Amino acid sequence: MTTSSPPPDGDRPPPPRLAYDRWTWKEVAHLLANLPMSVAGFVYAVVIVSLGAGLSVTVIGLPLLALGLRGARGLGRAERGRARRLLGVRIDEPSPLAHARRDQGFFGRLWSGLKDPVGWRALLYSFIRLPWGVATFVVTLVSLFVLWPVLPYIARGMGNADRAMARALLSPSDELEARIAELESDRGVVVDTAAADLRRIERDLHDGAQARLVALAMGLGLAKEKLTADPEAAARMVDEAHGEVKIALQELRDLARGIHPAVLTDRGLDAALSAIASRCTVPVTVSVELPARPAEAIEGIAYFTVSELLQNVSKHSRATRASVDVWRSGDRLMLQVTDDGQGGARLDGGTGMSGLAERLGAVDGLFVLDSPEGGPTAVTAELPWRDRADVRPAGSTAR
C-alpha cells in the first residue's frame, strides 16, 4: 500500500495509482452505493411524477407533486453529502425554497413549490441515474475480482463522470445564487439603515423637542403660580416660554424635513435640491434634467444622497463652489456632485461616504468617488429608474 494522496479539490481529483489508496477505496464505495441509491431515487421520481400527473385532474395531484419536489430536495442534499464525503466534490447548497407571501394564499404557495428549479433538477438527477447506477455497480464489482490491477483507473474514470453529473444537476446556479446572496446582504443593509434612522429620530425627539417642551411646561406652571403674586415675573416667564415654543417648532420642522421634506413631495427633485443647495456654505449650481419624476422611493434616496454630499462639501471640502447634476440615462437615474475643494475624500475616511455607498448598493445602485489629493472631487451615483406610475399605492393588491 502507498500513502494516501491528498483529498481532491472541487475541480481536480488526485491522479490514479496502481496501488489502492484511501481515495480509491472511497470511490469504489461510492460506485458500489450507486445501485441502491439510484434504485431508490428512480422509484421515488417515477412514483411522484406519475401520481402528481395522474391525479392532476383532482384536488390532490398538484399539491402532491409540490410536496414531492420538496422531498426531491432532500434526495439532492443526501447525494451532495455522499459526493462530498466519498468523491471530495464541494458542491454548495442551494438557497432554501422561497416562501410565498401570505397575501398570495394557497395557490401562491402551491405555485412557489411547483416552479422550484432545485427540486426539478434533483428529480431529474434521480430519474436518469438508474442505468448509470447499475453499470457502475456491475463494472466495479467485476473489477474487484477480475481487473483489480487497473481498478484505480476504472474507479477514477467513473468517479469523474459522477463528479461531473453531480456538479451539472445538483449544484446551484452560480449567477442566480450570487444574486440571491447579494439581495440577502442588501436586505440586511436596508434593515440596519432603517433601524439607525429610527434611532436617530427617536434621539432627536428625546434630546431636542421633547426636552424643550418639558422645560416649557414647567416654565408655564411656574408662571401660573406667580400670576397673582408677581405679574411682572409671570409675564417675563411667559415671554421666555414663547421663545422656547418658537425654537421647539423650528426643531420639529427640521426633524420633519430630515424625514421627508414637503418640497420634495410637492415639487420634486429640482425644487428640493435647490432648497438644500441654498443652505450649503458654498455657492452651488443645480441642474436637474428629468423627463418625469421617478418613483417616490428612488426620488427620496436621490434627495438624501445629494443632501449628505452637500453637507460633506460644507464641512470638509474647503471649496469655493460646487455643482449638482441630475439626469436620466436609459434605465438609470444619474447624480453627480462636484466641488473644487482640497480633495482627498475616501470611502473609509469617516465622512459618511461608505454609508452612502452601502445604501445605494442596497437598491441596486452604484457609488463612484473620484477625489485626488488637491482636488477637485467628483461623486457619481447611479440609481435604478422606476416610473412613478409603475408603483402601486400602499395597501393596493395585485389582481
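What this report covers is the structure whose coordinates are included nearby. Every chain begins its residue count from 1, and numbering advances along the sequence as written. Totals for whole chains, interfaces and linings use all residues, but because this is a predicted model, local features are given only for residues with pLDDT of at least 70 and pairs of side-chain atoms are given and counted only at 80 or more. Hydrogen atoms and water are omitted, and side-chain values are computed over all heavy atoms in the structure.

A closer look at the overall build of the protein chain
Part 1 of the reasoning: Starting at the N terminus, helices and strands are each numbered in turn, a helix being any DSSP run of H or I of at least four residues and a strand any DSSP run of E of at least two. Of regular secondary structure, the protein chain possesses 11 helices and 5 strands.
Part 2 of the reasoning: Only protein chains enter the accessibility calculation, which uses a 1.4 Å probe; a residue is then buried when its area is under 20% of its type maximum, exposed when over 50%, and partly exposed in between. Of all 399 residues assigned to the protein chain, the portion counted as buried reaches 36%.
Part 3 of the reasoning: Any two residues whose heavy atoms approach within 4.5 Å are treated as being in contact. In the protein chain, once contacts between residues fewer than 6 apart in sequence are set aside, the share between residues at least 24 apart is 71%.
Part 4 of the reasoning: Calculation of accessible area relied on Shrake-Rupley with a 1.4 Å probe; when residues are assessed, cover is drawn exclusively from the protein chains displayed. Carbon and sulfur atoms provide 61% of the accessible area of the protein chain, an area that totals close to 23000 Å².

Quick notes on the packing of helix H10 (residues 296-317) against helix H11 (residues 353-362)
Part 1 of the reasoning: Throughout, an axis means a line fitted to C-alpha atoms (over the contacting stretch in the case of helices), and angles, computed between N-to-C directions, take values from 0 to 180 degrees. Relative to each other, H10 and H11 sit at 170°, their axes nearing to 11 Å. Relative to H11, the element H10 is oriented roughly antiparallel. Within the contact between the two elements, H10 uses Ile301, Thr305, Glu308, Leu309 and Asn312 and H11 uses Met353, Leu356 and Leu360.
Part 2 of the reasoning: Nonpolar residues are Ala, Val, Leu, Ile, Met, Phe, Trp, Tyr, Cys and Pro. Charged residues are Asp, Glu, Lys and Arg, and all others, Gly as well, are polar. Residue composition of the contact of H10 with H11, by class: 5 nonpolar, 2 polar and 1 charged. Put simply, angles under 35 degrees are roughly parallel, angles over 145 are roughly antiparallel, angles from 65 to 115 are roughly perpendicular, and the rest are oblique.

What about the packing of aromatic side chains?
Each aromatic ring pair is described using two quantities: the centre-to-centre distance and the angle formed by the ring planes.
Part 1 of the reasoning: The criterion for an aromatic pair is that two Phe, Tyr or Trp rings (for Trp, the six-membered ring) have centres within 6.5 Å, with stacked assigned to planes under 30 degrees apart, edge-to-face to planes over 60 apart and tilted to the rest. Following the criterion strictly, the structure yields 2 aromatic pairs and no others.
Part 2 of the reasoning: Ring geometry for Tyr303 versus Phe304: centroids 5.1 Å apart, planes at 85°, classification edge-to-face.
Part 3 of the reasoning: Owing to a relative accessible area of 3%, Tyr303 belongs among the buried residues under this scheme.

Details of the pairing of strand S5 (residues 377-384)
Part 1 of the reasoning: The element S5 is largely enclosed, with a buried count of 6 among its 8 residues.
Part 2 of the reasoning: In this scheme, strands are said to pair when DSSP sees at least two bridges between them. Relative to S5, strand S3 (residues 332-339) runs antiparallel, the two being bridged by 8 bridges. Paired with Leu333 across the strands is Leu383, a residue of S5.
Part 3 of the reasoning: Here strand S4 (residues 366-370) pairs with S5 via 5 bridges, running antiparallel. Across the sheet, the residue bridging to Val368 is Thr380, located in S5.
Part 4 of the reasoning: Where S4 folds back onto S5 in an antiparallel hairpin, the turn is made up of 6 residues, including Gly374, whose phi is positive at roughly 95°.

Some thoughts on the packing of helix H1 (residues 22-54) against helix H5 (residues 151-170)
Part 1 of the reasoning: Their axes nearest at 9 Å, the elements H1 and H5 cross at an angle of 60°. Between H1 and H5, the interaxial angle falls into the category oblique. Of the two elements, H1 crosses H5, and the hand of that crossing is left-handed. Side by side, H1 and H5 meet where Thr24, Glu27, Val28, His30, Leu31 and Asn34 of the first sit next to Leu151, Pro152, Ala155, Arg156, Met158, Gly159, Asp162 and Arg163 of the second.
Part 2 of the reasoning: Of the residues contributing to the contact of H1 with H5, the split by class is 6 nonpolar, 4 polar and 4 charged. Each helix crossing is assigned a hand: it is left-handed if the near helix lies turned anticlockwise from the far helix by less than a right angle, otherwise right-handed if that turn is clockwise.

Things to note about the pattern of salt bridges
Proximity of charged atoms lets side chains of opposite charge pair with each other.
Part 1 of the reasoning: Any carboxyl oxygen of Asp or Glu within 4 Å of a side-chain nitrogen of Lys or Arg constitutes a salt bridge here. Scanning all chains against the criterion turns up 8 salt bridges.
Part 2 of the reasoning: We note a salt bridge from Arg163 to Glu27, for which the minimum N-O separation is 2.9 Å. Within this pair, whereas Arg163 is found in helix H5, its partner Glu27 is found in helix H1, the two being separated by 136 residues in sequence. No difference in accessibility class separates Arg163 from Glu27, as the two residues are buried.
Part 3 of the reasoning: Residues Glu299 and Arg293 are paired through a salt bridge, measuring 2.8 Å at the closest nitrogen-oxygen approach.
Part 4 of the reasoning: Residue classification places Glu299 among the buried residues on the basis of a relative accessible area of 3%.
Part 5 of the reasoning: Since its relative accessible area comes to 27%, Arg293 is described here as partly exposed.

Concerning the sheet that holds S4
Part 1 of the reasoning: Strand order in the open sheet formed by 5 strands is S1-S2-S3-S5-S4, and the pairing between neighbours is mixed. Both outer strands of the open sheet, strand S1 (284-289) and S4, are each paired with one neighbouring strand and no more. Going across the sheet, the axis of each strand differs from the next one's by a mean of 10°, ignoring polarity.
Part 2 of the reasoning: Both strand S2 (residues 322-329) and S3 contribute to a ladder of 8 bridges, which runs antiparallel. Within S3, the residue paired with Ala322 across the bridge is Asp339.

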